[in-house]
Amino acid sequence: MYKVDLNCDMGESFGRYLLGEQREILKYVTSANIACGFHAGDPSVMRETVKLAIDNGVKIGAHPGLPDLQGFGRREMNLTPQEAYDLVVYQIGALQGFLTTFGETMQHVKPHGALYNMAATDEKLAEVIAKAVYDVSDQLVLFGLAGSELTKAGERLGLRTAHEVFADRTYQADGTLTSRSEDNAIITDENESVKQVIQMVTEGKVISEQQTEVSLQADTICLHGDGTNAVQFAKYIKASFTKNKIEVVAIRN
């Protein structure tokens, strides 16, 4: 029996702008990455999402991003190491405040968007992000792209790390995700997505866009809650896992 965590980015609404079907998708995932106000989310959305996750027995993690609401945190920014460290600590702290009011502990930290992708290849940025997480609590799990500089940095510090793979994204020969600016970045066929992710979990590999075999470790799988038919896909992927003897369980469990 294989085991894997199923995570989803959550709490990305802002004010009157609603994004994602949180109530339904929480029935199918085991970990929630909650936006901390920089790329999306606001205090009320954070509190509501924390409560929804707790009510559904879903483990909670901070989802810190770049300070870019308009660009949804997907545009790269030049940061000094200290700025990167500070913004990660700040956002973890914001979410921790709400968790404390509910008597709940934080499971993990997963950077968002451009911050995540930059840290996947930039060793220095990866190191300061990992250090920020470690300094807040060495009990937190660091989520990062499988085999990336971020997971390597976390492992060097002694953090527990979770190597993340994506159900709906294509890969490059170096193990990075295909840029969203490319037409082939997103897999829209549900059967192809499920086929790819089952191969990653059971065989530890993925076929890149260059048709090369890339080895990777799949500890947690990301589902995008704002995607088309997100709830339907979450239900489908979980049912497919059951058929293939893959148990969906949170990292901490």
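For the structure, see preceding data.
Residues numbered from 1 in each chain as written. Predicted model: local features only at pLDDT ≥ 70, side-chain atom pairs only at ≥ 80, totals over all residues. Heavy atoms only, no water.

(A) Structural context of the nonpolar core. The biggest cluster of nonpolar side chains holds 72 residues, and the ones touching the most others in it are Leu 95, Val 165, Tyr 171, Val 197, Ile 221, Ile 237 and Phe 241. Here the element with the most residues in this core is helix α5 (residues 123–136); it accounts for 7 residues. Not counting chain neighbours up to four residues away, the residues in contact with Val 197 comprise Val 165, Ala 167, Ile 221, Ile 237 and Phe 241. (Core = buried A, V, L, I, M, F, W, Y, C linked by side-chain atoms within 4.5 Å. Buried < 20%, exposed > 50% of the residue type's maximum accessible area, 1.4 Å probe, protein only. Helix = DSSP H or I, 4+ residues; strand = E, 2+ residues; numbered from the N terminus. Contact = heavy atoms within 4.5 Å.)

(B) Region of interest: the pairing of strand β9 (residues 220–223). Across the two faces of β9 the burial is the same, with Thr 220 and Cys 222 and Ile 221 and Leu 223 all buried. In terms of strand pairing, strand β1 (residues 2–10) meets β9 through 4 bridges, oriented parallel. By the bridge assignment, Leu 6 is partnered in β9 with Ile 221. The pairing of strand β6 (residues 160–166) with β9 spans 3 bridges and is parallel. When the bridges of β9 are listed, Glu 164 appears paired with Thr 220. (Pairing = 2+ DSSP bridges.)

(C) Fine view of helix α3 (residues 81–101). When the terminal C-alpha atoms of α3 are compared, their 31 Å separation across 21 residues agrees well with the 30 Å that a helix rising 1.5 Å per residue should span. Of all the residues in α3, the buried ones are Ala 84, Leu 87, Val 88, Gln 91, Ile 92, Leu 95 and Leu 99. The buried residues of α3 occupy one face: seen down the axis, they fall within an arc of 125°. In α3, the exposed positions angled more than 90 degrees off the buried face are occupied by Tyr 90, Thr 100 and Thr 101. In the segment just after α3, Gly 103 is the residue with positive phi, at about 70°. (Expected span 1.5 Å × (residues − 1). Arc of directions from axis to C-beta.)

(D) Spotlight on the pattern of salt bridges. A full pass over the atoms with the stated rule returns 10 salt bridges. Note that Arg 75 is salt-bridged to Asp 68, the shortest N-O span being 2.6 Å. Judged by its relative accessible area of 9%, Asp 68 is buried. With its nearest N and O atoms 2.8 Å apart, the salt bridge here joins Asp 135 to Lys 131. Of the two residues, Asp 135 and Lys 131 are both situated in helix α5; the distance of 4 residues between them amounts to about one turn of the helix. Judged by relative accessible area, Asp 135 falls into the partly exposed class, the value being 36%. (Salt bridge = Lys/Arg side-chain N within 4 Å of Asp/Glu carboxyl O.)

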